Amino acid sequence: MLRETLERRPEVADVALTEGCADAVYYLAYCKNLEEQEDIPAEFSPERAAELLDNAVSAALGLYQGEDSYTMLHDSFDLTLQEIREHSYMSDREIAETCDVPEKLLDCCMRVRGVLELDDISGSAVLSHKDSTVLVPLDALKKLMDSGREDFTALMNTAWVADIRVNDEVPELVLEGVEAAELERLHDALEAQTQAEQAMGPAMG
């Protein structure tokens, strides 16, 4: 009786009776509430999303200082150095002191050859590439003879520092304008040079 009554309803597509309950399938055209829910936007508007991000960042900055603040902004919120500067989340002076780099490097346009000429950059600074896990110590590149540098003209003259990360007070200069393979080739060349120097032992006096 119940099944027949339900089957006569125009909105019911199918009915199945089980122990203690009735399972009904309805035509979607009769489900007005579902149609209204589909009109609800699944994402925030760009303006609202920006407002929420700014609120979250401001709250987080109240909990961190120094390197922790920069790392939180850069790694947790995935903000680039330029985005951090544009939104004034940290001043240039704070960023430079946190990353242990000169402020002139924060414009993210300096070529590698120019970086090698800087005297006021951390001795622990390393070069990296977003598509590689290799890290090349800047000091090791400075010690590479001029003849050796000629083999890496593209990296020296074309690649630039596009972003800066910092980890345990070690500034990581992220390069763009060159393939990751070129940085890896430099890394291997420096490793080979170090091994050769160790094999030769201390120079005879």
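1. Comments concerning the overall build of the chain
- Along the backbone of the chain there are 11 helices and 6 strands.
- Per-residue burial for the chain yields a buried fraction of 32% across its 205 residues.
- Residue pairs at least 24 apart in sequence account for 49% of intrachain contacts in the chain once pairs closer than 6 positions are excluded.
- Total accessible area on the chain is roughly 13400 Å²; 50% of this is exposed by carbon and sulfur atoms.

2. A closer look at the pairing of strand E5 (residues 160–167)
- In this structure, E5 lies alongside strand E6 (residues 170–176), joined through 7 bridges in antiparallel fashion. What sits directly across from Ile164, in E6, is Leu173.
- Hairpin remark: E5 followed by E6, antiparallel, with 2 residues in the connecting loop; positive phi at Asp168, about 50°.

3. Describing helix H6 (residues 92–99)
- Residues Ile95, Ala96, Thr98 and Cys99 constitute the buried set of H6. The buried residues of H6 all sit within an arc of 165° when viewed along its axis, so they share a single face. Away from its buried face, by an angle of more than 90 degrees, H6 presents the exposed residues Arg93 and Glu97.
- Those residues of H6 that are buried are in contact with helix H4 (66–76), helix H5 (81–86), E5 and E6.
- A positive phi of about 60° marks Asp100, the residue just after H6.

4. Regarding the nonpolar core
- Within the largest apolar cluster, 43 residues are counted, with the highest numbers of intra-cluster contacts made by Leu105 and Ile164.
- Ignoring any residue separated from it by four or fewer positions in sequence, one finds Leu105 in contact with Met110, Val115, Leu118, Ile121, Val161, Ile164 and Leu173.

5. Some points on the packing of H4 against H6
- The contact between H4 and H6 brings their axes to 9 Å, and the two run at 100°. Here H4 lies roughly perpendicular to H6, going by the angle between them. On H6, the residues that touch Gly66, Glu67 and Tyr70 of H4 are Ile95, Thr98 and Cys99.
- Considering only residue class, the contact of H4 with H6 consists of 3 nonpolar, 2 polar and 1 charged.

6. Quick notes on the side chain of Ser132
- When you line up the elements, Ser132 lands in the loop between strand E3 (126–129) and strand E4 (136–137).
- Among the residues examined, Ser132 registers a relative accessible area of 15% and is labelled buried.
- From its side chain, Ser132 meets the backbone nitrogen of Val134 in a polar contact 3.1 Å long.

Criteria and thresholds
- Counting restarts for each chain, with residues numbered from 1 along the sequence as it is written.
- The model is predicted, so local features are restricted to residues of pLDDT at least 70 and side-chain atom pairs to those at 80 or more, both for listing and for counting; the totals for chains, interfaces and linings are taken over all residues.
- Based on all heavy atoms of the structure, the side-chain values leave hydrogens and waters out of the count.
- Strands here mean DSSP runs of E at least two residues long; helices mean DSSP runs of H or I at least four residues long; both are numbered from the N terminus.
- Working definition: with a 1.4 Å probe on protein chains only, accessible area under 20% of the residue-type maximum means buried, over 50% means exposed, and in between means partly exposed.
- Pairs of residues are marked as contacts when any of their non-hydrogen atoms sit within 4.5 Å.
- For accessible areas, the Shrake-Rupley method is used with a probe of radius 1.4 Å. Any residue's cover is judged against the shown protein chains and nothing else.
- A pair of strands counts as paired when DSSP detects no fewer than two bridges linking them.
- This arc corresponds to the set of directions leading from the helix axis out to the C-beta atoms.
- Residues enter a nonpolar core if they are buried and are Ala, Val, Leu, Ile, Met, Phe, Trp, Tyr or Cys, with the set joined through side-chain atoms within 4.5 Å.
- Helix axes use the C-alpha atoms of the stretch in contact, all axes being lines fitted to C-alpha atoms, and the angles between their N-to-C directions lie in the range 0 to 180 degrees.
- Orientation labels follow simple angle bins: below 35 degrees gives roughly parallel, above 145 gives roughly antiparallel, 65 to 115 gives roughly perpendicular, and whatever is left gives oblique.
- Each residue is assigned to one class: nonpolar for Ala, Val, Leu, Ile, Met, Phe, Trp, Tyr, Cys and Pro, charged for Asp, Glu, Lys and Arg, and polar for all the others, Gly among them.
- For the purposes of these results, a polar contact is taken to be a pair of N or O atoms within 3.5 Å, where, inside protein, one atom must be able to donate a hydrogen and its partner to accept one; residues adjacent in sequence count only when each atom of the pair is a side-chain atom.

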